[in-house]
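# Overview (structure and organization)
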Amino acid sequence: MGLIQSILNALRFNRRNWKAVLLSIVAATLFWFFNALNKTHSANITFPLQFEYDEEKYIPVSLLPDRIRINATGVGWELFWKSSGLKGTPLIIPLERPTEIKKIVGSSLSPLFSTQLEGLQINYVLTDTLYLDLDVRGHKKVALQLDSADRLIARGYIRSGATVIEPDTVVVSGPAKLLAALPSAIDLMVPETKLRSSLKETIEVPLPHPALTVSPPLVNVFVPVEEALEQAVPIQVVIRDIPAGYKPVIDVEKVTCYFQVPASFADTLSFRGVEATISLKDVPRGTHKILPTLSKLPPYIRLVRTDTLLVKF
């Protein structure tokens, strides 16, 4: 009973000696820690990884592996510094033919890394396989366009001039196989829709893959927009492809067409020379209702509707 009481008394908290007890514990811990670091151990360590290749000629299609895990044996101090990341010199893998190498088996890297890790003995590489995808670096000039600009405009408004993109071409750089898959023109994405006034924006050029870069990355876009006015205009009817020996008859010489026009054009717009064409090619003899095709229309107007024509022949 006396022995147990003596142990309890030794462990009992004493406000007068707590600092001495704490310092003793810290000192013992440090002694054990430093003593352990002077011995040989084995440990799993993650190292930064770097690939050496001609970066002016080749480019990764996807991100290259940047870490590799290794089991190594060495003095505790060396293992401690390596695993802490304080001595983060990357392990280097040279690539002589970057486009031909798609994967590297981890177990094949031990001899290469052994020459780069002074003070450590590599037991084995824990990372199973490194997957690579590199391609020849290339450049391609690509046009820019604003696909269906009229769809951006609110009802009752109309485009009153040409869409301007400055510059209208860019240079895209990146892996050759990604450049080959690019279309001849890139569609710009406009953040605004249902426009009721002219658009003037600086827009980022969209790219389909993160490995691609573009110069310049930003372009200026201008879309002139005005209020639309509706006009009813009589248009001369012209019949084409008349079968030999037939004389067609139509119910009118002019057909009324309804257009939306920019407000600033309304008083000066001319429809002289516009034709409403009817083609009788492959049309059987008889009476037919035919919708004419308009040609030679002035720019920046929108056909709303037109009447069908009754043709007999």
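Refer to the structure above for everything that follows.
Just so it is clear, the structure is predicted and the values come from calculations on it, not from any experiment.

### Details of the overall build of the protein
A tally of helices and strands in the protein yields five helices and 23 strands. The buried share of the protein, reckoned over its 313 residues, is 34%. Counting every atom, the protein has about 19,900 Å² of accessible surface; 54% of that belongs to carbon and sulfur.

### A closer look at the nonpolar core
Grouped together as the largest cluster of nonpolar side chains are 27 residues, with contacts concentrated most on Leu-144, Leu-146, Val-172, Leu-188, Val-205, Val-219 and Val-221. Looking at this core, the elements with two or more residues in it are strand E8 (134-145), strand E11 (169-175), helix H5 (176-180), strand E13 (199-204) and strand E15 (218-223). No other element matches the three residues that E15 contributes to this core.

### Some thoughts on the pattern of salt bridges
Taken as a whole and assessed by the stated rule, the structure comprises six salt bridges. Note that Glu-100 is salt-bridged to Arg-97, the shortest N-O span being 3.0 Å. Overall, the relative accessible area of 56% leaves Glu-100 in the exposed class. Glu-230 is the salt-bridge partner of Arg-305, the closest N and O atoms lying 3.8 Å from each other.

### Points about the side chain of Arg-159
Examined against the element boundaries, Arg-159 turns out to sit in strand E9 (residues 157-159). Side-chain polar atoms of Arg-159 contact the backbone oxygen of Gly-161, separated by 3.1 Å.

### Let's talk about the sheet that holds strand E10 (residues 164-166)
What the three strands build is an open sheet, ordered E10-E15-E13; its pairing is antiparallel. Each having just a single partner strand, E10 and E13 make up the two edges of the open sheet. Mean inter-strand twist for the sheet, computed between neighbouring axes without regard to direction, equals 20 degrees. Pairing between E13 and E15: six bridges, direction antiparallel. Across the sheet, the residue bridging to Ile-203 is Val-219, located in E15.

### Here's the deal with unusual backbone geometry
Each neighbour pair has its own omega, and for Glu-166 with Pro-167 the value is -10 degrees, a cis peptide bond. Along the chain, Pro-167 falls in the loop between E10 and E11. At Asp-282, a position not held by glycine, the phi torsion is positive, near 65 degrees. The class for Asp-282 is exposed, based on a relative accessible area of 73%.

### Some words on the environment of Val-233
With respect to the helices and strands, the residue Val-233 is situated in strand E16 (residues 225-240). Linking Val-233 and Val-255, residues 22 residues apart in sequence, is a C-alpha distance of 8.2 Å. Not counting residues up to four positions away in its chain, the partners in contact with Val-233 are Val-255, Thr-256, Cys-257, Phe-259 and Phe-271.

### A few points about the pairing of E11
Of all seven residues that make up E11, five are buried, and the element is covered over most of its length. Pairing between E8 and E11: seven bridges, direction antiparallel. By the bridge assignment, His-139 is partnered in E11 with Ser-173. In this structure, E11 lies alongside strand E14 (residues 213-215), joined through three bridges in antiparallel fashion. Residue pairing for E14: Val-171 is matched across the bridge by Ser-215.

### Re the environment of Glu-52
Positionally, Glu-52 belongs in strand E1 (residues 40-52). Linking Glu-52 and Glu-96, residues 44 residues apart in sequence, is a C-alpha distance of 8.4 Å. Contacts of Glu-52, omitting those with residues within four sequence positions, involve Ile-92, Ile-93, Pro-94 and Leu-95.

### What to know about the side chain of Ser-110
By the element assignment, Ser-110 lies in helix H4 (residues 110-114). Exposure remark for Ser-110: the relative accessible area of 16% places this residue in the buried category. Setting aside its immediate chain neighbours within four residues, Ser-110 contacts Ile-122, Tyr-124 and Val-125.

### Overview of the sheet that holds strand E17 (residues 249-250)
Ordered by their spatial adjacency, three strands build an open sheet running E17-E23-E20, and the pairing between neighbours is antiparallel. Of all strands in the sheet, those with a lone pairing partner are E17 and strand E20 (287-290), marking the two edges. Pairing between E20 and strand E23 (residues 309-312): four bridges, direction antiparallel. Of the residues in E23, the one forming a bridge with Thr-287 is Lys-312.

### Some points on the environment of Leu-120
For Leu-120, the location among the structural elements is in strand E6 (residues 120-125). Given a relative accessible area of 9%, Leu-120 falls into the buried group. Between the C-alpha atoms of Leu-120 and Asn-71, which are 49 residues apart in sequence, the distance is 9.9 Å.

Rules used throughout
Residues numbered from 1 in each chain as written. Predicted model: local features only at pLDDT ≥ 70, side-chain atom pairs only at ≥ 80, totals over all residues. Heavy atoms only, no water. Helix = DSSP H or I, 4+ residues; strand = E, 2+ residues; numbered from the N terminus. Buried < 20%, exposed > 50% of the residue type's maximum accessible area, 1.4 Å probe, protein only. Areas by Shrake-Rupley, 256 points an atom, 1.4 Å probe, with all protein chains shown as cover. Core = buried A, V, L, I, M, F, W, Y, C linked by side-chain atoms within 4.5 Å. Salt bridge = Lys/Arg side-chain N within 4 Å of Asp/Glu carboxyl O. Polar contact = N/O pair within 3.5 Å; in protein donor to acceptor, adjacent residues only side chain to side chain. Pairing = 2+ DSSP bridges. Axes fitted to C-alpha atoms, helices over the stretch in contact; angles between N-to-C directions. Contact = heavy atoms within 4.5 Å.

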